[in-house]
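What follows is each chain in one-letter form.
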Amino acid sequence: SDVCSSDLNLVIGTSGKGIDFSATPGPGSGTMTSELLDDYEEGTWTPTLSAVTVGNLNVAYSVRVGTYTKVGRLVTASCRIITSSFTHTTAADEVQIQGLPFSARTLTGMRTAGSVELYGANKAGYTQANSQIETGSSSMEFIATGVAGGSISSVKITEMPSGGTKFIMATIVYETDS
């Protein structure tokens, strides 16, 4: 008999327990490792605009918000940043959004790409940017594409000139080890 109640919650309080989908058919051509859904959460995180070499980077924000949903190992993280002040002279290397709610899964050769709108950067000869997380990292970086010949290049902090307002909106879906 079905149980139906407007105030019913299913609570799973023991580690290693969850909703077991093992009665469903196995994978197509992949290798299955689990059919147990043992984690779900929603929350917020605080994105920080930074660089691999921070130097004297100084950022003030008028908007700085991040949200995430985690289902099992799969994390969907989104953020929006608008700066009210952005200055640097000694910052270097790749632009980063730091503070993702979980580190990316440590799986050799794994890298995850997502979408990004990046305003206030000037990557000469490139027309698009994508977000990226490398294995084990909790920071997003940006990869520029769209040039003839298909080459890609990291967006550097020096390609985001000091001054002016920077707008960044990004969403990335990635796996975590936890």
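Everything here concerns the structure above.
The rules behind each value
- Residues numbered from 1 in each chain as written.
- Predicted model: local features only at pLDDT ≥ 70, side-chain atom pairs only at ≥ 80, totals over all residues.
- Heavy atoms only, no water.
- Salt bridge = Lys/Arg side-chain N within 4 Å of Asp/Glu carboxyl O.
- Helix = DSSP H or I, 4+ residues; strand = E, 2+ residues; numbered from the N terminus.
- Buried < 20%, exposed > 50% of the residue type's maximum accessible area, 1.4 Å probe, protein only.
- Phe/Tyr/Trp six-rings, centres within 6.5 Å; stacked < 30°, edge-to-face > 60°.
- Core = buried A, V, L, I, M, F, W, Y, C linked by side-chain atoms within 4.5 Å.
- Contact = heavy atoms within 4.5 Å.

Points about the pattern of salt bridges
Here the structure, examined in full by the defined rule, presents four salt bridges. Taking the shortest distance from any N to any O, the salt bridge between Asp177 and Arg105 comes out at 3.9 Å. Here Asp177, found in the segment after strand 12 (167-175), pairs with Arg105, found in the loop between strand 7 (92-98) and strand 8 (111-119); they are 72 residues apart in sequence, far enough to count as distant. For Asp177, a relative accessible area of 39% gives the class partly exposed.

Some details on the packing of aromatic side chains
Per the stated rule, a full pass over the model turns up two aromatic pairs. Ring centres of Tyr68 and Phe102 lie 5.6 Å apart, and the angle between their planes is 85°; on these two criteria the pair is classed as edge-to-face. Taken together, the positions of Tyr68 in strand 5 (residues 58-71) and Phe102 in the loop between strand 7 and strand 8 put the pair 34 residues apart, joining distant regions of the chain. This pair shows no difference in class: Tyr68 is buried, exactly as Phe102 is. On the numbers, 6.5 Å between centres and 80° between planes, the contact of Tyr119 with Phe167 is edge-to-face.

What to know about unusual backbone geometry
Even without glycine at this site, Asp93 takes up a positive phi of about 75°. If you trace the backbone, Asp93 turns up in strand 7.

Brief notes about the nonpolar core
One finds Ile97, Met140, Ile168 and Tyr174 to be the most contacted residues of the largest nonpolar core, which totals 30 residues. Secondary-structure elements contributing two or more residues to this core are strand 4 (48-53), strand 5, strand 6 (74-87), strand 7, strand 8, strand 10 (139-145) and strand 12. Sorting elements by how many residues they give to this core places strand 6 first, with five residues. Filtering out sequence-adjacent residues up to four positions away, Ile97 remains in contact with Trp45, Pro47, Thr48, Leu49, Cys79, Ile81, Ser138, Ser139, Met140, Phe142 and Ile168.

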